[in-house]
Amino acid sequence: MCNMTFEETSGENSSERMESVAKALEEVLSSALPQGCITVGVYEAAKSLNADPDNVVLCLLATDDEEDVALQIHFTLIQAFCCENDINILRVSNMRRLAEILGGVKPGGEPMDLHCVLVTNPQSSLWKDPALSKVNRYCRDSRCLDQWVPVINLPDR
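Residues numbered from 1 in each chain as written. Predicted model: local features only at pLDDT ≥ 70, side-chain atom pairs only at ≥ 80, totals over all residues. Heavy atoms only, no water.

## Concerning the overall build of the protein
For clarity, the cut-off: Secondary structure counts use DSSP, requiring at least four H or I residues in a row for a helix and at least two E residues in a row for a strand, with both numbered from the N terminus. To sort residues, take the accessible area from a 1.4 Å probe on protein chains only and compare it with the maximum for the residue type: under 20% means buried, over 50% means exposed, and anything in between is partly exposed. Should any heavy atoms of two residues lie within 4.5 Å, those residues are considered in contact.
When helices and strands are tallied, the protein shows 6 helices and 5 strands. Helices and strands appear in the protein in the N-to-C order α-α-β-α-β-α-β-α-β-α-β. Scored against the burial criterion, the 157 residues of the protein give a buried share of 43%. Counted over contacts in the protein with a minimum sequence separation of 6, partners at least 24 positions apart contribute 81%.

## Observations concerning the sheet that holds strand β3 (residues 88-93)
For clarity, the cut-off: Paired strands are those between which DSSP finds at least two bridges. In this description, a line fitted to the C-alpha atoms serves as the axis of each element, helices being fitted only across the stretch in contact, and the angle between N-to-C directions of two axes falls anywhere from 0 to 180 degrees.
Reading across from one edge, β1-β4-β2-β3-β5 is the order of the 5 strands in this open sheet, with mixed pairing throughout. This sheet does not close on itself; its edge strands, each paired only once, are β1 (38-40) and β5 (151-153). With direction set aside, neighbouring strand axes in the sheet form an average angle of 25°. In this structure, β1 lies alongside strand β4 (residues 116-120), joined through 3 bridges in antiparallel fashion. Residue pairing in the sheet places Val-40 in a bridge with Val-117 of β4.

## Here we look at the pattern of salt bridges
Formally: Salt bridges are identified by distance alone: a Lys or Arg side-chain nitrogen within 4 Å of an Asp or Glu carboxyl oxygen.
Tallying each qualifying case throughout the model produces 6 salt bridges. As a salt-bridge pair, Arg-96 and Glu-100 come within 3.0 Å of each other at their nearest N and O atoms. With Arg-96 and Glu-100 both in helix α5 (residues 95-102) and 4 residues apart, this pair spans about one turn of that helix. The partner of Asp-141 in a salt bridge is Arg-140, with the nearest N and O atoms 3.8 Å apart. Look at Asp-141 and you get buried, because its relative accessible area is 4%.

## Remarks on a nonpolar patch on the surface
Definition in use: The patch calculation keeps residues exceeding 30% relative accessible area without a salt bridge and links them within 9 Å when they carry like charges or within 5 Å when they are nonpolar (Val, Leu, Ile, Met, Phe, Trp, Tyr). We get accessible surface area from the Shrake-Rupley algorithm with a probe of 1.4 Å; when it comes to residues, only the shown protein chains can shield them.
On the surface, a nonpolar cluster with roughly 310 Å² of combined accessible area is contributed by Val-69, Ile-73 and Leu-77. Within the secondary structure layout, Ile-73 lies in helix α4 (residues 69-84).

## What to know about unusual backbone geometry
Of note in this structure, Asp-86 is not a glycine but carries a positive phi near 55°. On the secondary structure map, Asp-86 appears in the loop between α4 and β3. One non-glycine residue, Asp-146, lies in positive phi territory at about 60°. Along the polypeptide, Asp-146 turns up in the loop between α6 (130-144) and β5. On the basis of relative accessible area, Asp-146 is assigned to the exposed category, the value being 61%.

## Structural notes on the pairing of β3
Of all 6 residues in β3, 6 are buried, a share of seventy percent or more. What you see with β3 is no split at all: Asn-88, Leu-90 and Val-92 on one side and Ile-89, Arg-91 and Ser-93 on the other are buried throughout. In the sheet, β3 pairs with β5 via 3 bridges, with the strands oriented parallel. Counterpart to Arg-91 in the pairing with β5 is Val-151.

Rendered as structure tokens:
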């Protein structure tokens, strides 16, 4: 069911909506991180998706390394798995901003692999976050417009 009006799909409202969704995505990531609801890295994400796909609420894929063929193959497989399991997917540009939000480095000082980031439900309860609802609604509305994996640009702060 698609509830978008023509005005929401084009022009100035569209860019305002993108900014609003980017801000909501930042809120989702910022609130999920302290709860331990973030999985970072292509390999770690694949393991998490395989172990418990019902617990994943959002999948983020980087837009930066377009020429890395092996990475693109991984992305294709992850996208197919997410589509099969009704997991919303976003392509995210501005990896520097994503690293700022998520801390950017592992405890040993090694940089994180931010090419794939999963957001999961906290174990205690189903997550009822208005920001997550906004991001999920954007993904759903984008699919109605045949944009199966929409791209969000995280603005610099």
